[in-house]
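Residues per chain, in single letters:
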Amino acid sequence: TVASPEDATTVAELRWADATYPGGKRLLAESDGVAVGASTVGRIYVYPPEFDGYWGTIDVLPDARRQGVGSALLVAVAAVAREAGKSWLHVPANESRPDGIAFLEHRGFSEHERMKALRLELTCLEPPIPRPPEGVVITTLAERPDLVAGVHAVALETFGDIPGDEPMAAGDLAEFRARDVDRSVLPPWGFAVALDPDDVVVGYASLMLMPGNAHLAWHDMTAVSRAWRGRGLAVALKMTTIAAAIEHGLTTLETGNDIDNAPMRAVNDRLGYRPQPDLLTMRGPVGSARLSGDA
């Protein structure tokens, strides 16, 4: 949280991740008995288990940087990925911290994906009034918890359509519920669901409350079935979550879209979101000399 305030977490979230996606590891670096760095390595949640890469984070306190702590953690994280039979390591980076990007590039990493980060300030914003397509009703999981299976069906159809360098996977219903519905940071009041005239789920949008900031949430997902795209449903769903955020006292919403996701970027621009530093995923081979401890 101190080393990467833009990606803060909580003990509860760490416990959730360990219980939901076992097999990963958490590493701690100490100097004279004081913790100065930490790393997490394990499965990338939205990719299938067989994906040939692990997610890794490297966080070092500012006063302990440029002393070899980050390098040692990166070597240890890569070793965990190799032991799991993975060939690649994916590490998050932020355009606002070029030193972190340079650190990874010097060790054989290159930019793999780039997301355009955006922010919407809610303090002086009137709650928008959604106007879904004719015949469509928008509700929430707080009002209709019975709709989770229908939401999962939309996820199965849409996850593979999300632009990016790798196809995303929704997983089975149990995994989807654990990751995208039942987490404590995903409030049912912020989970909007669109129903067609036959009461079939045709889209959804959800908010994720950000740990350590009671007034900030992240747009976790906005998904619309292929047959209903191009009718303004994504805008209506997102407006619903914005209105809910204002109603529940949030002051800021953030989101991010792959640079190739032109439709959703257009939606966010229309709704008044403003650019923030880009979010990057850096990718490097775990078998390189610099990550094996041989260099």
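Located above this text is the structure these notes cover.
Our subject in this report is the structure included herewith. (Residues numbered from 1 in each chain as written. Predicted model: local features only at pLDDT ≥ 70, side-chain atom pairs only at ≥ 80, totals over all residues. Heavy atoms only, no water.)

1. Here we look at the overall build of the protein chain
Note the following rule: What counts as a helix is a DSSP run of H or I of at least four residues, what counts as a strand is a run of E of at least two, and both are numbered from the N terminus. Note that the radius of gyration is over C-alpha atoms, with the globule rule given as 2.2 Å times the number of residues to the power 0.38. Per-residue accessibility, obtained with a 1.4 Å probe over protein chains only, is compared with the maximum for each type, and a residue is labelled buried under 20%, exposed over 50%, and partly exposed between these values. A contact between two residues is defined here by any heavy atoms of the two lying within 4.5 Å. All accessible-area figures derive from a Shrake-Rupley calculation using a 1.4 Å probe, and residue coverage is judged against the displayed protein chains alone. Neither His nor the chain ends is counted toward charge; the positive residues are Lys and Arg and the negative residues Asp and Glu. Lysine's charge is taken at NZ, arginine's at CZ, aspartate's at CG and glutamate's at CD.
Looking only at helices and strands, the protein chain has 8 helices and 12 strands in total. A globule of 295 residues ought to have a C-alpha radius of gyration of about 19 Å, and the protein chain, at 20 Å, matches this closely. The C-alpha extent of the protein chain, read off along each of the three principal axes, is 65 × 40 × 30 Å. Every one of the 295 residues in the protein chain was classed for burial, and the buried ones make up 45%. Sequence separation of 24 or more characterises 69% of the internal contacts of the protein chain that already satisfy a separation of 6 or more. When the accessible area of the protein chain is evaluated, it comes to approximately 14400 Å², of which 54% is carbon and sulfur surface. Of the side chains in the protein chain, 27 bear a positive and 40 a negative charge, and the two mean positions are spaced by 3 Å.

2. Here we look at the packing of aromatic side chains
As a reminder of what qualifies: When two rings of Phe, Tyr or Trp (its six-membered ring) have centres within 6.5 Å they constitute a pair, described as stacked for plane angles under 30 degrees, edge-to-face for angles over 60, and tilted for the intermediate range.
Using the criterion set out here, one finds 6 aromatic pairs in the structure. With a centroid separation of 6.2 Å and 70 degrees between ring planes, the pair formed by W16 and Y21 is classed as edge-to-face. You'll find W16 and Y21 in the same group, each marked buried. On the numbers, 4.5 Å between centres and 55 degrees between planes, the contact of Y47 with F51 is tilted.

3. Let's talk about unusual backbone geometry
A negative phi holds for most residues other than glycine; trans holds for most peptide bonds. Phi at D32 takes a positive value of approximately 55 degrees, unusual for a residue other than glycine. In this fold, D32 is placed in the loop between β1 (25-31) and β2 (34-42). You will see that R66, though not glycine, has its phi angle at about 65 degrees, which is positive. With respect to the element layout, R66 can be found in the loop between β3 (53-60) and α2 (69-83).

4. A short note on the pairing of strand β10 (residues 252-258)
Within a regular strand, side chains alternate between the sheet's two faces. Here is the rule we go by: At least two bridges found by DSSP between two strands are what make those strands a pair. Looking down the strands as they point away from you, a crossover is right-handed if its path from the first strand over the helix to the second goes clockwise.
Of all 7 residues making up β10, 7 are buried, and the element is well covered by its neighbours. Side-chain alternation along β10 places T252, E254, G256 and D258 on one buried face and L253, T255 and N257 on a second face that is also buried. Bridge count between strand β5 (residues 110-121) and β10: 7 bridges; the pairing is antiparallel. Across the sheet, residue K116 finds its bridge partner in β10, namely N257. Note: strand β9 (residues 216-224) against β10, 3 bridges, orientation parallel. The residue of β10 that forms the bridge with W218 is E254. The handedness of the β9 to β10 crossover, carried by helix α6 (residues 233-247), is right-handed.

5. A closer look at α2
In an α-helix, one turn spans 3.6 residues; hence positions three or four apart end up facing the same way. To keep it simple, the criterion reads: Expected helix span is taken as 1.5 Å per residue step, with the number of steps being one fewer than the number of residues. Within this analysis, the arc is defined by the directions that extend from the helix axis to the C-beta atoms.
With 15 residues, α2 should cover 21 Å at 1.5 Å per step; its first-to-last C-alpha distance of 21 Å lies within 8% of that length. Turning to α2, its buried residues number three or more, namely V69, G70, L73, L74, V77, A78, V80 and A81. Seen along its axis, α2 keeps its buried residues to an arc of 160 degrees; they face one direction. At the exit of α2 stands G85, carrying a positive phi of roughly 85 degrees.

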